[in-house]
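Residues per chain, in single letters:
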Amino acid sequence: MAKSAQAATRVPARTQEQRSDATRALILNAAVDCLVADGYERTTTVSVQARAGVSRGRLLHQFPSRSALLVAAAQHLAIVHIADMEQWIGRSDFRLADDAERCDRATELLWETFDQPYFWAAMELWHAARTDPDLRAELLATERQLGRAIRHVVATMY
């Protein structure tokens, strides 16, 4: 292959920020998976590190403690949940002419959230927060933000 053809097919290098964001997302998704599969008590930084396939240094650079990691996982869950709900509004199967059909579909969509990994991971965190005041304080701020977004989406849906 000619040198100019190779240059044309080369993918631009990712920036440090893009690499850091990708690592962060990988770790947060692994933390959610661990919470769902193993529960709060058995979710450790080591188990998240193994599931994410990252080095100890990469994990600790992003999240210096288990608490910081799990609170960030809760925030990540909230963002994913909000994004999912906002996408529902634009879906063609949701834009129904009949109000009763629209309300039924909105209720079905909201009910489906109780079967999503982010719901069960959040339940694990809230269960732990019952006896961990620091975790509870961190989760309250995230939940307030999520609550405002959910109220907005639900008001739009209904």
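What counts and how
Residues numbered from 1 in each chain as written. Predicted model: local features only at pLDDT ≥ 70, side-chain atom pairs only at ≥ 80, totals over all residues. Heavy atoms only, no water. Axes fitted to C-alpha atoms, helices over the stretch in contact; angles between N-to-C directions. Helix = DSSP H or I, 4+ residues; strand = E, 2+ residues; numbered from the N terminus. Parallel < 35°, antiparallel > 145°, perpendicular 65-115°, else oblique. Left-handed = near helix turned anticlockwise from the far one by under 90°. Contact = heavy atoms within 4.5 Å. Nonpolar A, V, L, I, M, F, W, Y, C, P; charged D, E, K, R; others polar. Buried < 20%, exposed > 50% of the residue type's maximum accessible area, 1.4 Å probe, protein only. Polar contact = N/O pair within 3.5 Å; in protein donor to acceptor, adjacent residues only side chain to side chain. Phe/Tyr/Trp six-rings, centres within 6.5 Å; stacked < 30°, edge-to-face > 60°. Core = buried A, V, L, I, M, F, W, Y, C linked by side-chain atoms within 4.5 Å. Patch = residues over 30% accessible without salt bridge, like charges linked within 9 Å, V, L, I, M, F, W, Y side chains within 5 Å. Areas by Shrake-Rupley, 256 points an atom, 1.4 Å probe, with all protein chains shown as cover. Salt bridge = Lys/Arg side-chain N within 4 Å of Asp/Glu carboxyl O. Expected span 1.5 Å × (residues − 1). Arc of directions from axis to C-beta.

**Describing the packing of helix α7 (residues 117-129) against helix α8 (residues 133-157)**
Now for step 1: Where α7 contacts α8, the axes come no closer than 8 Å and their chain directions differ by 135 degrees. As the angle between them shows, α7 and α8 are arranged oblique. Of the two elements, α7 crosses α8, and the hand of that crossing is left-handed. Mapping the contact onto sequence places L125, W126, A128 and A129 in α7 and L135, R136, L139, L140 and E143 in α8.
Now for step 2: The class makeup of the residues in the contact of α7 with α8 is seven nonpolar, no polar and two charged.

**A look at the side chain of T23**
Now for step 1: As for its placement among the helices and strands, T23 is situated in helix α2 (residues 16-42).
Now for step 2: Relative accessible area serves as the criterion here: at 8%, T23 is assigned to the buried category.
Now for step 3: Of the polar contacts made by the side chain of T23, one reaches the side chain of R58; its length is 2.4 Å.
Now for step 4: Once residues lying within four places of it in the same chain are set aside, the contact partners of T23 are R58 and Q62.

**Let's talk about the packing of aromatic side chains**
Now for step 1: Under the defined criterion, the tally for this structure stands at three aromatic pairs.
Now for step 2: Residues F119 and W120 carry aromatic rings whose centres are separated by 4.9 Å and whose planes lie at 85 degrees to one another, so their mutual orientation is edge-to-face.
Now for step 3: An aromatic cluster of at least three residues, connected via ring pairs, comprises W111, F114, F119 and W120.

**Some remarks on the nonpolar core**
Now for step 1: Grouped together as the largest cluster of nonpolar side chains are 29 residues, with contacts concentrated most on I27, Y40, V48, L69, L125 and L135.
Now for step 2: Breaking this core down by element, the ones donating at least two residues are α2, α3 (45-52), α5 (66-90), α7 and α8.
Now for step 3: For this core, the element with the highest residue contribution is α2, accounting for eight residues.
Now for step 4: For L125, the residues in contact, after removing those within four places along its chain, are L35, Y40, L70, A74, L135 and L139.

**Observations concerning a nonpolar patch on the surface**
Now for step 1: The grouping of V36, W120 and M123 at the surface amounts to a nonpolar patch, some 270 Å² of accessible area in total.
Now for step 2: Tracing the backbone shows V36 in helix α2.
Now for step 3: Owing to a relative accessible area of 38%, V36 belongs among the partly exposed residues under this scheme.

**Quick notes on the packing of α5 against α7**
Relative orientation and spacing of two packed helices are given, respectively, by the angle between their axes and the distance between those axes.
Now for step 1: Between α5 and α7, the shortest axis-to-axis distance is 10 Å and the interhelical angle comes to 145 degrees. Regarding α5 and α7, the two cross each other, and that crossing is left-handed. Only Y118, A121, A122 and L125 of α7 make contact with α5, whose side of the interface consists of L70, A74, L77, V80, H81 and D84.
Now for step 2: Of the residues in the contact of α5 with α7, the class split is eight nonpolar, one polar and one charged.

**What to know about α8**
Now for step 1: Taking 1.5 Å as the rise per residue, α8 with 25 residues should run 36 Å; its terminal C-alpha atoms sit 35 Å apart, in good agreement.
Now for step 2: Those residues of α8 lying buried are L135, L139, T142, L146, G147, A149, V153 and M157.
Now for step 3: Lining the buried residues of α8 we find α2, α5, α6 (99-112) and α7.
Now for step 4: Two or three places before D134, at the opening of α8, D132 has a side-chain oxygen 3.1 Å from that residue's backbone nitrogen.

**A look at α6**
Now for step 1: Spanning 14 residues, α6 covers 20 Å between terminal C-alpha atoms, matching the ideal 20 Å at 1.5 Å per step.
Now for step 2: Within α6 the residues assigned to the buried category are R102, R105, A106, L109 and L110. Looking straight down α6, one finds that the buried residues subtend no more than 135 degrees of arc, so they occupy a single side.
Now for step 3: On the buried face of α6, the contacting elements are α5 and α8.

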